[in-house]
Amino acid sequence: MGSKLSTPGASNGATVQQNSDINVTPFVDIMLVLLIIFMVSAPLATVSINLDLPPPSHHTIAPPREPVFITVQENGAVFIGDRPTTMQTLPADTCAALGGGDCRNERLFVRAQPSVRYDQFMGVMNTLQANGFFKVGLINEDIE
């Protein structure tokens, strides 16, 4: 976009064209210099670090176990998987379901039906905790 300006002192009516375009040549020159600097310095920026990694082990990893679910029903019945149990036999049955051994360090999951009273649910949790089962996950299922 150019605008016509009359020059002071020009009596013959001559006009001067004003150039409002940006001169990008210095910008391009600076960008090319920066590009060259980065191209030269980029290979120097890579640093190699010597690592002493342990040798690979050839131990086989045991497949993960099926999770053990303890279900509390609204009538107070407690199930381990689909086998019924009582509050007195809950620790022994849980250990048997986990495969024995160091069963108290295995994770188990507790779920309850939506209408289970709080004291029934907490009775199961307190029994598990009193017998050394501290890795307990709580399962929440969506109600449709």
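Up top is the structure.
For the structure given in this document, a descriptive report is provided here. Just so we're clear, the structure is a prediction, and the values are computed from it rather than from any experiment. (Residues numbered from 1 in each chain as written. Predicted model: local features only at pLDDT ≥ 70, side-chain atom pairs only at ≥ 80, totals over all residues. Heavy atoms only, no water.)

1. Re the overall build of the protein
For the protein, the count of helices and strands is three helices and seven strands. Taken from N to C terminus, the helices and strands of the protein fall in the order β-β-α-β-β-β-α-β-α-β. Across the 144 residues that make up the protein, the buried fraction comes to 17%. Summarising the internal contacts of the protein: among those between residues at least 6 apart in sequence, 56% fall at separations of at least 24. Put simply, the protein shows about 11700 Å² of open surface, and 60% of that area lies on carbon and sulfur atoms. (Helix = DSSP H or I, 4+ residues; strand = E, 2+ residues; numbered from the N terminus. Buried < 20%, exposed > 50% of the residue type's maximum accessible area, 1.4 Å probe, protein only. Contact = heavy atoms within 4.5 Å. Areas by Shrake-Rupley, 256 points an atom, 1.4 Å probe, with all protein chains shown as cover.)

2. Quick notes on the packing of helix H2 (residues 90–97) against helix H3 (residues 118–130)
The relative placement of two packed helices is expressed as an angle between their axes plus a distance between the axes. The interhelical angle for the contact between H2 and H3, taken along N-to-C directions, is 70 degrees, at an axis separation of 9 Å. Classified by the angle their axes make, H2 and H3 are roughly perpendicular. Across the interface between the two elements, Leu-90, Pro-91 and Thr-94 of H2 pack against Val-124, Thr-127 and Leu-128 of H3. Of the residues belonging to the contact of H2 with H3, the class tally is four nonpolar, two polar and no charged. (Axes fitted to C-alpha atoms, helices over the stretch in contact; angles between N-to-C directions. Parallel < 35°, antiparallel > 145°, perpendicular 65-115°, else oblique. Nonpolar A, V, L, I, M, F, W, Y, C, P; charged D, E, K, R; others polar.)

3. Details of the packing of aromatic side chains
Overall, the coordinates contain one aromatic pair when judged by the stated rule. Above the plane of the ring of Phe-69 lies Arg-111, whose end atom (NZ or CZ) is 4.6 Å from the centre. (Phe/Tyr/Trp six-rings, centres within 6.5 Å; stacked < 30°, edge-to-face > 60°. Lys NZ or Arg CZ within 6 Å of the ring centre and 35° of its normal.)

4. Some points on the pairing of strand S3 (residues 69–72)
The sheet contact formed by S3 and strand S6 (residues 108–112) spans four bridges and is parallel. If you follow Phe-69 over to S6, its bridge partner there is Phe-109. What sits between the antiparallel neighbours S3 and strand S4 (residues 78–80) is a turn of five residues, in which Gly-76 has the positive phi angle 95 degrees. (Pairing = 2+ DSSP bridges.)

5. With respect to the state of the cysteines
On inspection of all chains with the given rule, the structure shows one disulfide. Sulfur-sulfur distance for the disulfide between Cys-95 and Cys-103 comes to 1.8 Å. Of note, the bridge from Cys-95 to Cys-103 carries an S-S torsion of about -90 degrees and is left-handed in sense. Residue Cys-95 is classed as buried on the basis of its relative accessible area, which comes to 16%. (Disulfide = S-S within 2.5 Å.)

6. Things to note about the side chain of Thr-85
Within the secondary structure, Thr-85 is located in strand S5 (residues 83–85). On the accessibility criterion, Thr-85 (11% relative accessible area) is buried. Looking at Thr-85, its side chain comes within polar contact range of the side chain of Asp-93, at 2.5 Å. In this structure Thr-85 touches Val-78, Phe-79, Ile-80, Leu-90 and Asp-93, once residues within four positions along its chain are discounted. (Polar contact = N/O pair within 3.5 Å; in protein donor to acceptor, adjacent residues only side chain to side chain.)

7. Topic: the sheet that holds S5
With mixed pairing, five strands are arranged side by side in an open sheet as S5-S4-S3-S6-S7. At either end of the open sheet lies a strand with only one pairing partner, and these are S5 and strand S7 (136–138). On average, adjacent strands in this sheet sit at an angle of 30 degrees to one another, irrespective of strand direction. By the bridge criterion, three bridges tie S4 to S5 in an arrangement that is antiparallel. The partner of Val-78 across the bridge, within S5, is Thr-85. Packed on one face of the sheet, H2 meets S3, S4, S5 and S6 and runs near 20 degrees to S4. Running at roughly 165 degrees to S6, H3 makes contact with S3, S4, S6 and S7 of the sheet.

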